[in-house]
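Residue-level listing of the chains:
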Amino acid sequence: MAFDHVKEQNIGFEEPVRIRHTDEEAGDNSQRWKPRDSIFSSGGHSRRNSIDPAAALPITYRTMSMDIDETQDQKKREDLKLASARAAKDLSELDWHIVSHSELYIRLSTSSVEGLSAEQVKRRLAEYGKNTPSSPPSHLFQDWFGYLLGGFGSILLVSSILVFVAWKPLGQPPAVANLALAIVLLAVFFLQAAFNAWQDFSSSRVMASITGMLPDECQILRDGIRTSTAAAEIVPGDVIFFRAGSKLPADIRFIEISSDTKFDRSILTGESIPWPATVDSTNNNYLETRCIGLQGTFCSSGSGVGVVVATGDRTVFGRIAKLASQPTTGMTTLQKEVYLFCIVICTLMLIMIVVVLIVWGSWLRKDHPSWINVPTLIVSCVSVAVAFIPEGLPIAVTASLTITANLMRKNKILCKSLKTVETLGSVSVICTDKTGTLTKNNMWVTDCAIGSLTMPLQLATDRHFAEKQQSSNTALNQLRSIASLCNAGQFDITTSGLPLANRKINGDATDQAVLRFAETLGPVAEVRAVWDRQFELPFNSKNKFMISVFSLAKDIGRDITLSAVESEAFSEEELLLTIKGAPDIIISRCNRYINDDGVSCPLDSNTRETIENIKNKWSREGKRVILLARKILPWATVEASQLAVEFGKEALEHARSGLTLVGMVGIMDPPREEIPGVISTLRRAGIRIFMVTGDFVLTAEAIARECRIISNPPERVHDVSALRDDASAASSGDQVSSIVISGSELTMLNGSQWKQLCQYDEIVFARTTPEQKLRIVKEFQSRHEIVGMTGDGVNDAPSLKAADIGIALGSGSDIAIEASDMVLLDKFDAIVEAVEYGRVVFDNLKKTVAYLLPAGSYAEFWPVITNVVLGLPQVLSSFLMIIICCFTDCAAATMLAFEKAESDVLLRPPRRPKKDRLVSWRLILQAYGFVGTLETVCSFAMSYWYLQRHGVPFSALWLGFGAIPDGMSSDVYTQRLNEASSIYFVNLVVMQWFNLMAVRTRRQSIFQMPPLFNKETQNLYLFPAILFALLMTFFWLYIPKFQTTLGTTSVPAIHFFLPMCFGFSILVLEEGRKYLVRKYPKGLLAKCAW
């Protein structure tokens, strides 16, 4: 019975004539081709490994030249050579490419008709394992080295060692406080390393979960039934189907292919030139032959079927990946910016340390030798380092990016790298494909045309069944036949019992629509049973048509496919060429047409004009128009072609003229319901949305109008004539400018015209090729636009790769998903959330920096400087500086990553990466000049006010250089200074709580975005962070053992409440500033707003 299932799909195409030909684009690369059955027109899906292929194959492996990138270091170069050599040696023993098909089937115990049985699959899974790569080798030593010394780890380690030295042997006597400080610095050093390790593990887990969410299926033949299965479940011997856009999940031997089948092997070879496929071996080298498809490569055109010969680590991809070392991952753009800022901070730190050393060496050592001795000098330098560097910043940045990526994943927005999250906030132009992206990719034929007669589908169906009782040569029967034959779609046998609308079809959306139309008029299997397919050129975005050539299998085929006169004259030795595609491409090649009576007539100018008007009318209604035509090829021509070994080229040549137009169909592919709202939202966010499609100009414009990509009335929509040769575009004032332009017109534009075109607000690019899509992306990028490209097809892959951020749909082709940076698993409207997340992550990182700098850097620095230069006691101990940076502030800074978007986040223009820096002068002014100064002054005031009230007047401290006030013992003086230090610490901690509430928003009031009691704006994680800071305060200040060892003390209750007043004043002042920024967006405060 299983055999019968396959036979039903394969009727009429069992043993076609074998024809030798060359590939149309490969020139002299001839191949022997075994004609393929239409069952092989659908491809599989294998996308699980689409995230960062370099992580799986981290080498520039070239099978031809074996060149190595000169920029790589010597060790990596040697690793690559070794990996390539060992892989080549292993592969030299393989002979899958040179054995015959029959021997291939015998060795693998498989069949091209039945495939493998379930029992065979079970046994082979146990023998060979799953089709997944082995885990890459771990580099534990290198990883932990990076964890320990990453960020500010090296500074912490050196500081700890220096303080240990200051304790012993330099300390005379050794100061216990120095020992405690050294231990704390060392503990923070290891704590930072542990956090870095956890963060790396967490990021890897998020990225791995994203990988697991990508679709991972392929089409195979098992037990005689075509089915889908996970790529990991494939075993040697499986018969697998592929088509343009498919990524091969394993190494396969081709057994049947279309004439234009080519593969992109750049992931293995580094060469982008398409690799033509053949059925028979072309080279004894396993890597060079064209009858082997390698795992991880993409079918860039054509379709076919192959037998799996290797899986997992046994594939070429797996062998090389296993032998080569895994590459390191570079920093993201924002991480580089943060580290650049940290380098600046560290440079300033070193300068200030040098200043301290100079002041000590040239002045203090001579005039005040008892004030700062060598151990104290070391501790002072360490204090400068600790005060200057915001230790929690790198941790908070990485955590923020990972948290945001995880939030996006939960919303079915999959970012392949953290860099993608950053780029989203800067996107200023989005070029989007139409079919399957803006539209549902759920196509249905709504109208058909026979000559000058147009009919809706229901009327055509009624007329067909009425006419077929009288004659089989009717016009609709001929249209039905061509629609059935020139079609790569295939009904899924498992859904044959369902209504036609619910039956599954393997094939692209256009083929599905045309095939359903044909089935509506009569069984497709009947037509396919009476013709044998001999040649096929699948549809591609360059030609914009599909060609199939058939020989007659049964005489009845002539009657249902040709007119009465042609049927009588058709010889069994002749072939029937059928073609389906874009009317504007094919109609000029037609010289005859089938009228509504089913008679072949000359195509005169009046009829041609009528057909052109029908096409334009349907296109204006947003319908995709498909023209179907045919041509009879004389036997003499076929025989000559066989002798010339160029039948593929000959068929293309025949299709250039002398065609008979059988009819046209109008296909409706409605836009997704959410698209108009999405376009409006993105436009308000300052992002220009352009349509880039291969569809006819009028169809593209109609759909663009439905989607609101074009908002102007037709009379205000420009065409290419509006682009002047040598002048700048005329200003449209406040009016929105719109233009519709075709791919052929793009090729004629000069630089001045491109400049004008790129200034339009609304653009529809129609009838574009992949090369033109790529050109569009490059032109906008050259004008400093950050370009996002959305698409789901094979023809979108080059532009997806070239764009600053490529966005694919989860339902798209393997090659599109591989080329993209982000995948939308659910609906297209998720792109709004993606852009919002991209902007929010940048906002939240700025908030993190603005929160960390006032207390964690600025307010800690001044106690050290006043101690060295002005002779004042260091009113904040180095130990408590560490507690602020790594405990009380760091937790709250990380929680800012969970802040919701402000209401104006999608009303602002996109961020300009080269101008809108993460740490700008405005942010420094806010953090240091405003909040930092307030916190520093208030903390100093509270500390010295406390000392004044307890017998230590400020006048006794100013330029005192350690002098103890009269009448006070050394122990009491030290105790008072410790209390003042703890008060300074508490003051900063408490004021930072209010600063935390203030930095939650950059422009909005806290009343517009309350942190509580509003699900749209609340961030409940902030309050545990505040509680944690309070617990840390009590932990370090109130435990007696710590007080004795670390010099901390308890703090009077008033010094918890007074900082609340100061902090509240910061909140009030910030609210006033934000109000003025909102009210006067062009005022001075707005220009200085961070």
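Residues numbered from 1 in each chain as written. Predicted model: local features only at pLDDT ≥ 70, side-chain atom pairs only at ≥ 80, totals over all residues. Heavy atoms only, no water.

### Notes on the sheet that holds strand β9 (residues 292-293)
The criterion, for reference: Pairing between strands requires that DSSP locate at least two bridges from one strand to the other. The helix count covers DSSP runs of H or I at least four residues long, the strand count covers runs of E at least two residues long, and both are numbered beginning at the N terminus.
One open sheet accounts for six strands, arranged β4-β3-β5-β11-β6-β9; its pairing is antiparallel. A single partner strand is all that each edge strand has here, and the edge strands are β4 (225-230) and β9. Across six bridges, the pairing between strand β6 (residues 251-257) and strand β11 (residues 303-310) is antiparallel. Across the sheet, Ile257 pairs through a bridge with Gly304, a residue of β11.

### Quick notes on the pattern of salt bridges
Just so we agree on the cut-off: Within this document, salt bridges are pairs made up of a side-chain nitrogen of Lys or Arg and a carboxyl oxygen of Asp or Glu, the two lying within 4 Å of each other. Remark: exposure states derive from per-residue accessible area (1.4 Å probe, protein chains only) relative to the maximum for the residue type, with buried under 20%, exposed over 50%, and partly exposed in between.
Across all of its chains, the model carries 35 salt bridges by this definition. A salt bridge links Asp238 to Arg222; the nearest nitrogen and oxygen atoms lie 2.7 Å apart. Linking Asp238 in the loop between β4 and β5 (239-243) with Arg222 in strand β3 (residues 217-222), this pair joins segments that are 16 residues apart in sequence. Each member of the pair, Asp238 as well as Arg222, carries the same accessibility label: buried. With a closest N to O distance of 2.7 Å, Arg775 and Glu779 form a salt bridge. In this pair, Arg775 and Glu779 are both assigned in helix α29 (residues 770-782), four residues apart and thus about one turn of the helix distant.

### Observations concerning the pairing of strand β30 (residues 805-809)
By the criterion of burial, β30 is predominantly enclosed, with five of the five residues buried. Burial of β30 is two-sided: the residues Ile805, Ile807 and Leu809 facing one way and the residues Gly806 and Ala808 facing the other way are all buried. Relative to β30, strand β29 (residues 787-791) runs parallel, the two sharing four bridges. By the bridge assignment, Met789 is partnered in β30 with Gly806. One ladder, built from three bridges, connects β30 with strand β31 (residues 822-824); its direction is parallel. Within β31, the residue paired with Leu809 across the bridge is Leu824.

### Notes on the environment of Thr699
Where we set the bar: Contact criterion: two residues are considered in contact whenever any of their non-hydrogen atoms come within 4.5 Å of each other.
In this fold, Thr699 is placed in helix α26 (residues 697-706). Remark: the alpha-carbon pair of Thr699 and Glu621, spanning 78 residues in sequence, is separated by 7.0 Å. Residues in contact with Thr699, not counting those within four places in the same chain, are Ser619, Gly622, Lys623 and Arg624.

### Structural notes on the packing of helix α25 (residues 675-684) against helix α32 (residues 830-869)
Here is the rule: Angular values range over 0 to 180 degrees, each being the angle between N-to-C directions of two axes fitted as lines to C-alpha atoms, with helices fitted over their stretch in contact. Roughly parallel refers to an angle under 35 degrees, roughly antiparallel to one over 145, roughly perpendicular to one between 65 and 115, and oblique to any angle outside these ranges. Should the near helix be turned anticlockwise from the far one by less than a right angle, the crossing is left-handed, and should it be turned clockwise, the crossing is right-handed. Each residue is assigned to one class: nonpolar for Ala, Val, Leu, Ile, Met, Phe, Trp, Tyr, Cys and Pro, charged for Asp, Glu, Lys and Arg, and polar for all the others, Gly among them.
Packing of α25 against α32 leaves a shortest axis separation of 9 Å and a crossing angle of 20°. Between α25 and α32, the angle falls in the class roughly parallel. Here α25 runs over α32; the crossing is left-handed. On α32, the residues touching Val678, Thr681 and Leu682 of α25 are Ile831, Val832 and Val835. Taken together, the residues of the contact of α25 with α32 sort by class into five nonpolar, one polar and no charged.

### Regarding the packing of aromatic side chains
Cut-off, in case you're wondering: Classification of ring pairs rests on two measures: the distance between centres of Phe, Tyr or Trp rings, Trp counted by its six-membered ring, which must be within 6.5 Å, and the angle between planes, read as stacked under 30 degrees, edge-to-face over 60 and tilted in between.
One pass over the full model with this rule turns up 23 aromatic pairs. Aromatic pair Phe1034 and Tyr1038: ring centres 5.0 Å apart, planes at 45°, arrangement tilted. In this pair, Phe1034 and Tyr1038 both sit in helix α37 (residues 1022-1038), four residues apart, roughly one turn of the helix. By the ring-pair criterion, three or more aromatic residues cluster together here, those being Phe879, Phe887, Phe1035, Trp1036 and Phe1042.

### Quick look at the pairing of strand β23 (residues 623-633)
In terms of residue burial, β23 counts as a mostly covered element, since ten of its eleven residues are buried. As paired strands, strand β20 (residues 575-581) and β23 are joined by seven bridges and run antiparallel to one another. Residue pairing in the sheet places Gly581 in a bridge with Leu627 of β23.

### Considering unusual backbone geometry
Residue Pro169 is reached from Lys168 by a cis peptide bond, and omega for that bond is 10°. One can find Pro169 in the loop between α7 (153-167) and α8 (176-213). One non-glycine residue with positive phi stands out, namely Ser109, at about 50°. Locating Ser109 in the fold gives a position in the loop between α4 (101-108) and α5 (118-128). Although it is not a glycine, Lys544 adopts a positive phi angle of roughly 65°. Structurally, the position occupied by Lys544 is in the loop between β18 (531-537) and β19 (545-552).

### Remarks on the confidence of the model for the chain
The test is simple: The score called pLDDT rates the predictor's confidence residue by residue, from a low of 0 to a high of 100.
Summing up the model confidence of the chain, the mean pLDDT is 81 and the portion of residues at 70 or higher is 85%. Across residues 1-73 the pLDDT falls below 50, and counting only partners more than four positions away or on other chains, this stretch makes 242 contacts in the model. Of the regions scoring below 50 in pLDDT, residues 324-329 engages in 14 contacts with residues more than four places distant in sequence or in other chains.

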